[in-house]
Amino acid sequence: MWQEVLDFWFNEITPKQWFEKDDAFDKLITFRFTELLAQAKAGELAPWRSEAKGALAEIILLDQFSRNVYRDQPESFAADPMALALAQCAIEKGQDLELSEIERSFLYMPFMHSESLVIHEQAVGLFESLGLDNSLEFEKRHKAIIERFGRYPHRNEILGRVSTDEELEFLKQPNSGF
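Residues numbered from 1 in each chain as written. Predicted model: local features only at pLDDT ≥ 70, side-chain atom pairs only at ≥ 80, totals over all residues. Heavy atoms only, no water.

Looking at an unreviewed UniProt entry, the protein carries the name DUF924 family protein, with the source organism given as Rhodanobacter aciditrophus.

## Comments concerning the packing of aromatic side chains
A full pass over the atoms with the stated rule returns 14 aromatic pairs. On the numbers, 6.0 Å between centres and 75 degrees between planes, the contact of Phe10 with Trp18 is edge-to-face. Note on accessibility: Phe10 and Trp18 belong to one class, buried. (Phe/Tyr/Trp six-rings, centres within 6.5 Å; stacked < 30°, edge-to-face > 60°. Buried < 20%, exposed > 50% of the residue type's maximum accessible area, 1.4 Å probe, protein only.)

## Remarks on the side chain of Glu103
With respect to the helices and strands, Glu103 occurs in helix H6 (residues 101-113). Looking at Glu103, the relative accessible area reads 9%, which means it is buried. (Helix = DSSP H or I, 4+ residues; strand = E, 2+ residues; numbered from the N terminus.)

## Some words on the pattern of salt bridges
For side chains of opposite charge, pairing can occur when their charged atoms come near one another. All chains considered together, the criterion is met by 14 salt bridges. The residue Lys16 makes a salt bridge to Glu20 at a minimum N-O spacing of 3.6 Å. A residue is classified by how much of its surface remains accessible, and Glu20, at 33% relative accessible area, is partly exposed. A cluster of three or more residues bridged by salt bridges with shared partners is formed by Asp63, Arg67, Asp80 and Arg155. (Salt bridge = Lys/Arg side-chain N within 4 Å of Asp/Glu carboxyl O.)

## So, the packing of helix H7 (residues 117-130) against helix H8 (residues 133-149)
At a closest axis distance of 9 Å, the pairing of H7 and H8 adopts a crossing angle of 165 degrees. With respect to H8, the axis of H7 lies roughly antiparallel. As for how H7 packs across H8, the hand of that crossing is left-handed. For the pair H7 and H8, contact is made by Leu117, His120, Glu121, Ala123, Val124, Phe127 and Glu128 and by Ser135, Leu136, Glu139, His142, Lys143, Ile146 and Glu147, respectively. Among the residues making up the contact of H7 with H8, the classes are represented as six nonpolar, three polar and five charged. (Axes fitted to C-alpha atoms, helices over the stretch in contact; angles between N-to-C directions. Parallel < 35°, antiparallel > 145°, perpendicular 65-115°, else oblique. Left-handed = near helix turned anticlockwise from the far one by under 90°. Contact = heavy atoms within 4.5 Å. Nonpolar A, V, L, I, M, F, W, Y, C, P; charged D, E, K, R; others polar.)

## Examining the packing of helix H3 (residues 23-41) against helix H4 (residues 52-69)
Viewed as axis vectors pointing N to C, H3 and H4 meet at an angle of 135 degrees, and their least axial separation amounts to 9 Å. As summarised for this structure, H3 and H4 are arranged oblique, according to the angle between their axes. By crossing handedness, the relation of H3 to H4 is classed as left-handed. Judged by residue contacts, Phe25, Asp26, Ile29, Thr30, Phe33, Thr34, Leu36, Leu37, Ala40 and Lys41 of H3 engage Glu58, Leu61, Leu62, Phe65, Ser66, Asn68 and Val69 from H4. Looking at the contact of H3 with H4, its residues break down into ten nonpolar, four polar and three charged.

## Re H3
The end-to-end C-alpha separation of H3 is 23 Å, well short of the 27 Å expected for 19 residues at 1.5 Å each. The largest bend in H3 amounts to roughly 65 degrees and is located at Phe33. Those residues of H3 that sit buried are Phe25, Asp26, Ile29, Phe33, Leu36, Leu37 and Ala40. Capping the start of H3, Asp22 holds a side-chain oxygen 2.8 Å from the backbone nitrogen of Ala24, two or three residues further along. Where H3 ends, the next residue or the one after it, Gly43, has phi of about 80 degrees, a positive value. (Expected span 1.5 Å × (residues − 1). Bend = angle between axes of the 7 residues up to and from the residue. Polar contact = N/O pair within 3.5 Å; in protein donor to acceptor, adjacent residues only side chain to side chain.)

Quick look at the structure:
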């Protein structure tokens, strides 16, 4: 079953679709993967974790698909801690080293999505190890936001958090949100 997630993510769609906001794409993921996402959130896909690619598929469900299924809702970030814990476990088992560079970048993505500076310090090393300059550059941009604000200001409205004046000014700048 996890192969369906990986085939979709790495073969059926284009890399451009991974990070673009697109209602039709969100609906496609919602239609095809909502049930699996619910199972992942409930911890029901634990057997997948015995294989590197199964662990990756579960992390993609929790970290990526949740952002599509629950776009602009607090629930879009709710599975982030679980995705991060699963990524940490996979790395501890050495499963990340069984994956291709692009697959590893998605296994490491929960580190980039974290609002913890400690986690971002680890993320820089992980993304450096990939040798994918674009991924490392995005991690450094994410880390700079966390260093400055201690959180992602572009999530404030969705999460019902009050933005500071400095955050509001920052959000007016191009590329201030991801």
